[in-house]
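Take a look at the letters that make up each chain.
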Amino acid sequence: MSSPISSLGILGAGRIGRAIAALARDAGLAVEMVGSTGPFETVVRADAVVLAVPLSRLDTLPDVSGALVIDAMNYWWELDGAMARFEDPSTSSSEIVARSLRGARVVKTLNHLSGYALEELARAHSDPERLGMAVAGDDEADRDRICALVDALGFTPVVAGALADGVRFEPLTEAFGADADAEELADMLARFWDSQRGRVVARARGHAR
Ligand SMILES: NC(=O)c1ccc[n+]([C@@H]2O[C@H](COP(=O)([O-])OP(=O)(O)OC[C@H]3O[C@@H](n4cnc5c(N)ncnc54)[C@H](OP(=O)(O)O)[C@@H]3O)[C@@H](O)[C@H]2O)c1
(Lines give C-alpha, C1' and ligand atoms only; values in the text may rest on other atoms or scores of the structure.)
Protein backbone atom coordinates (compact mmCIF):
# COMPACT_ATOMS: atom_id res chain seq x y z
CA MET A 1 0.00 0.00 0.00
CA SER A 2 1.31 3.49 -0.81
CA SER A 3 2.33 5.82 2.00
CA PRO A 4 -0.02 8.54 3.20
CA ILE A 5 0.68 12.12 2.24
CA SER A 6 2.21 13.86 5.24
CA SER A 7 3.60 17.02 3.65
CA LEU A 8 1.84 19.40 1.30
CA GLY A 9 3.39 22.10 -0.84
CA ILE A 10 1.02 24.80 -2.10
CA LEU A 11 1.82 27.02 -5.06
CA GLY A 12 -0.45 30.04 -4.68
CA ALA A 13 -1.12 31.83 -1.40
CA GLY A 14 -4.47 33.38 -2.32
CA ARG A 15 -8.07 32.54 -1.45
CA ILE A 16 -7.98 28.82 -2.14
CA GLY A 17 -4.33 28.18 -1.28
CA ARG A 18 -4.83 29.61 2.21
CA ALA A 19 -8.04 27.61 2.77
CA ILE A 20 -6.32 24.35 1.76
CA ALA A 21 -3.31 25.20 3.94
CA ALA A 22 -5.54 25.70 6.99
CA LEU A 23 -7.33 22.39 6.42
CA ALA A 24 -4.08 20.53 5.92
CA ARG A 25 -2.52 21.99 9.07
CA ASP A 26 -5.64 21.01 11.02
CA ALA A 27 -5.19 17.49 9.68
CA GLY A 28 -1.61 17.42 10.99
CA LEU A 29 0.26 17.76 7.70
CA ALA A 30 3.44 19.79 7.29
CA VAL A 31 2.51 22.64 4.94
CA GLU A 32 4.71 24.95 2.87
CA MET A 33 2.89 27.59 0.84
CA VAL A 34 4.31 30.19 -1.49
CA GLY A 35 3.05 33.03 -3.69
CA SER A 36 4.58 34.19 -6.95
CA THR A 37 7.67 35.71 -5.38
CA GLY A 38 8.60 33.16 -2.70
CA PRO A 39 11.20 30.36 -2.80
CA PHE A 40 9.83 27.20 -4.47
CA GLU A 41 12.47 24.61 -3.51
CA THR A 42 10.87 23.02 -0.43
CA VAL A 43 7.33 23.46 -1.76
CA VAL A 44 7.92 21.32 -4.84
CA ARG A 45 9.61 18.56 -2.78
CA ALA A 46 6.54 17.87 -0.61
CA ASP A 47 4.67 14.54 -0.84
CA ALA A 48 2.05 16.36 -2.94
CA VAL A 49 2.03 19.82 -4.50
CA VAL A 50 -1.22 21.77 -4.86
CA LEU A 51 -1.58 24.17 -7.78
CA ALA A 52 -3.66 27.08 -6.49
CA VAL A 53 -2.83 29.86 -8.92
CA PRO A 54 -5.02 31.39 -11.63
CA LEU A 55 -4.80 29.24 -14.77
CA SER A 56 -3.56 32.28 -16.64
CA ARG A 57 -0.38 31.88 -14.52
CA LEU A 58 0.18 28.25 -15.52
CA ASP A 59 3.26 29.00 -17.58
CA THR A 60 4.91 30.83 -14.68
CA LEU A 61 4.90 27.80 -12.34
CA PRO A 62 8.22 26.30 -11.26
CA ASP A 63 9.44 22.88 -12.39
CA VAL A 64 7.33 20.19 -10.70
CA SER A 65 8.59 17.21 -12.71
CA GLY A 66 8.53 14.05 -10.62
CA ALA A 67 5.96 15.50 -8.21
CA LEU A 68 2.47 14.27 -7.39
CA VAL A 69 0.44 17.36 -8.24
CA ILE A 70 -3.09 18.33 -7.23
CA ASP A 71 -4.72 20.60 -9.78
CA ALA A 72 -7.19 22.76 -7.84
CA MET A 73 -7.46 25.30 -10.66
CA ASN A 74 -10.35 26.19 -12.94
CA TYR A 75 -10.57 27.97 -16.24
CA TRP A 76 -12.58 31.05 -15.42
CA TRP A 77 -12.48 33.30 -18.42
CA GLU A 78 -13.86 36.36 -16.61
CA LEU A 79 -10.81 36.26 -14.36
CA ASP A 80 -8.22 34.53 -16.53
CA GLY A 81 -9.13 36.24 -19.79
CA ALA A 82 -9.97 34.14 -22.84
CA MET A 83 -7.34 31.41 -23.33
CA ALA A 84 -7.89 29.51 -26.56
CA ARG A 85 -6.24 26.30 -25.35
CA PHE A 86 -8.83 25.98 -22.55
CA GLU A 87 -11.81 26.61 -24.83
CA ASP A 88 -11.67 23.23 -26.59
CA PRO A 89 -14.47 21.07 -25.09
CA SER A 90 -12.74 17.86 -26.13
CA THR A 91 -10.07 18.33 -23.45
CA SER A 92 -10.39 18.84 -19.70
CA SER A 93 -8.41 21.73 -18.25
CA SER A 94 -6.41 19.27 -16.14
CA GLU A 95 -5.29 17.34 -19.22
CA ILE A 96 -3.85 20.59 -20.55
CA VAL A 97 -2.23 21.31 -17.19
CA ALA A 98 -0.71 17.80 -17.16
CA ARG A 99 0.68 18.23 -20.68
CA SER A 100 2.18 21.55 -19.74
CA LEU A 101 3.84 20.21 -16.55
CA ARG A 102 5.94 17.54 -18.16
CA GLY A 103 6.96 14.74 -15.79
CA ALA A 104 4.41 15.56 -13.08
CA ARG A 105 1.62 13.15 -12.07
CA VAL A 106 -1.56 15.21 -11.97
CA VAL A 107 -4.74 14.54 -10.00
CA LYS A 108 -7.64 16.98 -10.17
CA THR A 109 -9.53 17.81 -6.98
CA LEU A 110 -10.24 20.58 -4.43
CA ASN A 111 -11.37 22.77 -7.34
CA HIS A 112 -15.16 22.56 -7.32
CA LEU A 113 -15.99 23.84 -3.83
CA SER A 114 -15.56 27.47 -2.83
CA GLY A 115 -12.94 28.73 -0.40
CA TYR A 116 -15.82 29.31 2.02
CA ALA A 117 -16.94 25.66 1.76
CA LEU A 118 -13.41 24.42 2.32
CA GLU A 119 -12.96 26.64 5.37
CA GLU A 120 -16.37 26.13 6.96
CA LEU A 121 -17.81 22.83 5.77
CA ALA A 122 -15.09 20.23 6.38
CA ARG A 123 -16.58 17.56 8.63
CA ALA A 124 -15.73 14.35 10.47
CA HIS A 125 -16.66 10.96 8.96
CA SER A 126 -19.60 10.52 11.27
CA ASP A 127 -21.23 13.83 10.30
CA PRO A 128 -24.28 13.31 8.03
CA GLU A 129 -23.66 16.76 6.50
CA ARG A 130 -20.22 15.79 5.22
CA LEU A 131 -19.71 16.95 1.61
CA GLY A 132 -18.34 14.96 -1.30
CA MET A 133 -15.25 15.97 -3.23
CA ALA A 134 -14.62 14.75 -6.77
CA VAL A 135 -11.21 13.29 -7.63
CA ALA A 136 -9.95 12.49 -11.15
CA GLY A 137 -6.59 11.14 -12.25
CA ASP A 138 -5.08 8.71 -14.73
CA ASP A 139 -3.03 6.67 -12.26
CA GLU A 140 -5.07 4.64 -9.79
CA ALA A 141 -2.42 4.58 -7.06
CA ASP A 142 -1.94 8.36 -7.23
CA ARG A 143 -5.69 8.86 -7.20
CA ASP A 144 -6.03 6.61 -4.15
CA ARG A 145 -3.38 8.60 -2.27
CA ILE A 146 -5.15 11.85 -3.04
CA CYS A 147 -8.52 10.35 -2.05
CA ALA A 148 -7.02 9.50 1.34
CA LEU A 149 -5.80 13.08 1.64
CA VAL A 150 -9.21 14.51 0.73
CA ASP A 151 -10.75 12.26 3.36
CA ALA A 152 -8.26 13.48 5.97
CA LEU A 153 -9.11 17.09 5.08
CA GLY A 154 -12.78 16.52 5.93
CA PHE A 155 -14.54 15.59 2.69
CA THR A 156 -15.67 12.27 1.23
CA PRO A 157 -13.74 11.54 -1.97
CA VAL A 158 -15.82 10.60 -5.02
CA VAL A 159 -13.74 9.06 -7.79
CA ALA A 160 -14.75 10.64 -11.09
CA GLY A 161 -12.42 8.64 -13.34
CA ALA A 162 -9.43 9.69 -15.43
CA LEU A 163 -8.15 13.23 -15.93
CA ALA A 164 -10.35 13.52 -19.02
CA ASP A 165 -13.32 13.08 -16.65
CA GLY A 166 -12.27 16.23 -14.81
CA VAL A 167 -14.54 17.93 -17.32
CA ARG A 168 -17.46 16.62 -15.27
CA PHE A 169 -16.70 18.96 -12.34
CA GLU A 170 -15.34 21.99 -14.11
CA PRO A 171 -17.17 25.34 -14.26
CA LEU A 172 -20.44 25.07 -16.28
CA THR A 173 -21.32 21.73 -14.68
CA GLU A 174 -23.94 20.84 -12.08
CA ALA A 175 -21.27 19.58 -9.67
CA PHE A 176 -19.29 22.81 -9.76
CA GLY A 177 -20.04 24.87 -6.67
CA ALA A 178 -22.66 22.43 -5.39
CA ASP A 179 -22.51 21.66 -1.67
CA ALA A 180 -23.52 18.03 -2.13
CA ASP A 181 -22.89 14.90 -0.11
CA ALA A 182 -20.98 12.04 -1.73
CA GLU A 183 -24.08 10.29 -3.05
CA GLU A 184 -25.56 13.46 -4.55
CA LEU A 185 -22.21 14.37 -6.06
CA ALA A 186 -21.84 10.91 -7.64
CA ASP A 187 -25.33 11.35 -9.16
CA MET A 188 -24.40 14.78 -10.53
CA LEU A 189 -21.23 13.38 -12.10
CA ALA A 190 -23.23 10.52 -13.65
CA ARG A 191 -25.83 12.95 -15.05
CA PHE A 192 -23.15 15.09 -16.70
CA TRP A 193 -23.41 13.33 -20.06
CA ASP A 194 -27.12 14.12 -20.26
CA SER A 195 -26.54 17.82 -19.65
CA GLN A 196 -26.13 20.45 -22.34
CA ARG A 197 -22.42 20.78 -21.51
CA GLY A 198 -22.04 16.98 -21.50
CA ARG A 199 -23.52 16.74 -24.99
CA VAL A 200 -21.14 19.44 -26.25
CA VAL A 201 -18.15 17.58 -24.76
CA ALA A 202 -19.33 14.20 -26.07
CA ARG A 203 -19.77 15.60 -29.58
CA ALA A 204 -16.33 17.24 -29.48
CA ARG A 205 -14.82 13.92 -28.39
CA GLY A 206 -16.59 12.10 -31.18
CA HIS A 207 -18.88 10.12 -28.87
CA ALA A 208 -22.42 10.17 -30.19
CA ARG A 209 -24.90 10.10 -27.30
N1 LIG B 1 -11.43 31.23 -4.81
C2 LIG B 1 -12.08 30.07 -4.71
O3 LIG B 1 -13.05 29.93 -3.94
C4 LIG B 1 -11.61 28.88 -5.54
C5 LIG B 1 -12.19 27.62 -5.28
C6 LIG B 1 -11.72 26.51 -5.99
C7 LIG B 1 -10.74 26.66 -6.96
N8 LIG B 1 -10.22 27.91 -7.20
C9 LIG B 1 -9.20 28.03 -8.26
O10 LIG B 1 -7.93 28.19 -7.63
C11 LIG B 1 -7.10 29.03 -8.44
C12 LIG B 1 -6.64 30.21 -7.57
O13 LIG B 1 -7.78 30.98 -7.19
P14 LIG B 1 -7.73 31.99 -5.96
O15 LIG B 1 -9.11 32.51 -5.82
O16 LIG B 1 -7.07 31.37 -4.77
O17 LIG B 1 -6.78 33.14 -6.57
P18 LIG B 1 -6.10 34.37 -5.82
O19 LIG B 1 -6.79 34.64 -4.52
O20 LIG B 1 -6.01 35.47 -6.84
O21 LIG B 1 -4.64 33.87 -5.48
C22 LIG B 1 -3.72 33.52 -6.49
C23 LIG B 1 -2.38 33.25 -5.85
O24 LIG B 1 -1.54 32.68 -6.88
C25 LIG B 1 -0.24 33.23 -6.67
N26 LIG B 1 0.60 33.01 -7.84
C27 LIG B 1 0.49 33.53 -9.09
N28 LIG B 1 1.47 33.04 -9.87
C29 LIG B 1 2.20 32.18 -9.11
C30 LIG B 1 3.34 31.36 -9.33
N31 LIG B 1 3.94 31.29 -10.51
N32 LIG B 1 3.82 30.61 -8.30
C33 LIG B 1 3.23 30.65 -7.08
N34 LIG B 1 2.15 31.41 -6.81
C35 LIG B 1 1.65 32.17 -7.80
C36 LIG B 1 -0.52 34.67 -6.34
O37 LIG B 1 0.64 35.23 -5.75
P38 LIG B 1 0.95 36.81 -5.84
O39 LIG B 1 -0.11 37.47 -5.03
O40 LIG B 1 2.34 36.87 -5.29
O41 LIG B 1 0.85 37.16 -7.31
C42 LIG B 1 -1.65 34.49 -5.33
O43 LIG B 1 -1.12 34.16 -4.05
C44 LIG B 1 -7.94 29.48 -9.63
O45 LIG B 1 -7.67 28.65 -10.74
C46 LIG B 1 -9.38 29.24 -9.15
O47 LIG B 1 -10.28 28.95 -10.22
C48 LIG B 1 -10.63 29.01 -6.51
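In this report, the structure presented in the accompanying data block is examined. Owing to the predicted nature of the structure, the values given are computational and were not obtained by experimental measurement. (Residues numbered from 1 in each chain as written. Predicted model: local features only at pLDDT ≥ 70, side-chain atom pairs only at ≥ 80, totals over all residues. Heavy atoms only, no water.)

Let's talk about the site of the ligand
As a structural note, the neighbourhood of the ligand is formed by 23 residues, with Arg15, Ile16, Ser36, Thr60 and Gly115 the closest of them. Within the backbone of Gly14, a nitrogen or oxygen atom sits 3.2 Å from an oxygen atom of the ligand. Compared with its free state, where it exposes 910 Å², the ligand has 73% of that area covered by protein. (Near = heavy atom within 4 Å. Polar contact = N/O pair within 3.5 Å; in protein donor to acceptor, adjacent residues only side chain to side chain. Areas by Shrake-Rupley, 256 points an atom, 1.4 Å probe, with all protein chains shown as cover.)

Quick notes on the sheet that holds strand β3 (residues 48-51)
Within the open sheet, the seven strands sit side by side as β2-β1-β3-β4-β5-β6-β7. Their pairing is mixed. The sheet is open, and its two edges are formed by β2 (30-34) and β7 (156-161), each paired on a single side. The average undirected angle you get between the axes of adjacent strands in this sheet is 25 degrees. One ladder, built from five bridges, connects strand β6 (residues 132-137) with β7; its direction is parallel. What sits directly across from Val135, in β7, is Val159. Docked against the sheet, helix α1 (residues 15-26) engages β1 (7-11), β2 and β3, running at close to 165 degrees with respect to β2. In the packing of helix α3 (residues 93-100) onto the sheet, the strands contacted are β3, β4 (68-71) and β5 (105-108), and the crossing angle to β5 comes to about 160 degrees. (Pairing = 2+ DSSP bridges. Helix = DSSP H or I, 4+ residues; strand = E, 2+ residues; numbered from the N terminus. Axes fitted to C-alpha atoms, helices over the stretch in contact; angles between N-to-C directions. Contact = heavy atoms within 4.5 Å.)

Structural notes on the environment of Arg25
Tracing the sequence through the fold places Arg25 in helix α1. You can call Arg25 partly exposed: its relative accessible area is 46%. For the pair Arg25 and Leu8, spaced 17 residues apart in sequence, the C-alpha separation works out to 9.3 Å. (Buried < 20%, exposed > 50% of the residue type's maximum accessible area, 1.4 Å probe, protein only.)

Notes on the pattern of salt bridges
Summed over the entire model, instances satisfying the criterion amount to seven salt bridges. A salt bridge links Arg105 to Asp142; the shortest N-O distance between them is 2.9 Å. Of this pair, Arg105 sits in strand β5 while Asp142 sits in helix α5 (residues 140-153), and the two are 37 residues apart along the sequence. Of the charged contacts in the structure, one is a salt bridge between Arg130 and Asp151, with a shortest N-O distance of 2.8 Å. In this pair, Arg130 is assigned in the loop between α4 (115-120) and β6 and Asp151 in helix α5, connecting sequence segments 21 residues apart. Accessibility expressed as a relative area gives 23% for Asp151, which makes it partly exposed. (Salt bridge = Lys/Arg side-chain N within 4 Å of Asp/Glu carboxyl O.)

Notes on helix α7 (residues 196-204)
Those residues of α7 that fall on the buried side of the exposure criterion are Gly198, Val201 and Ala202. The buried residues of α7 occupy one face: seen down the axis, they fall within an arc of 100 degrees. Those residues of α7 that are exposed and aimed more than 90 degrees away from the buried face are Gln196 and Arg203. Just downstream of α7, Gly206 is the residue with a positive phi angle, here 80 degrees. (Arc of directions from axis to C-beta.)

Keep in mind these numbers describe shape, not what the thing actually does.
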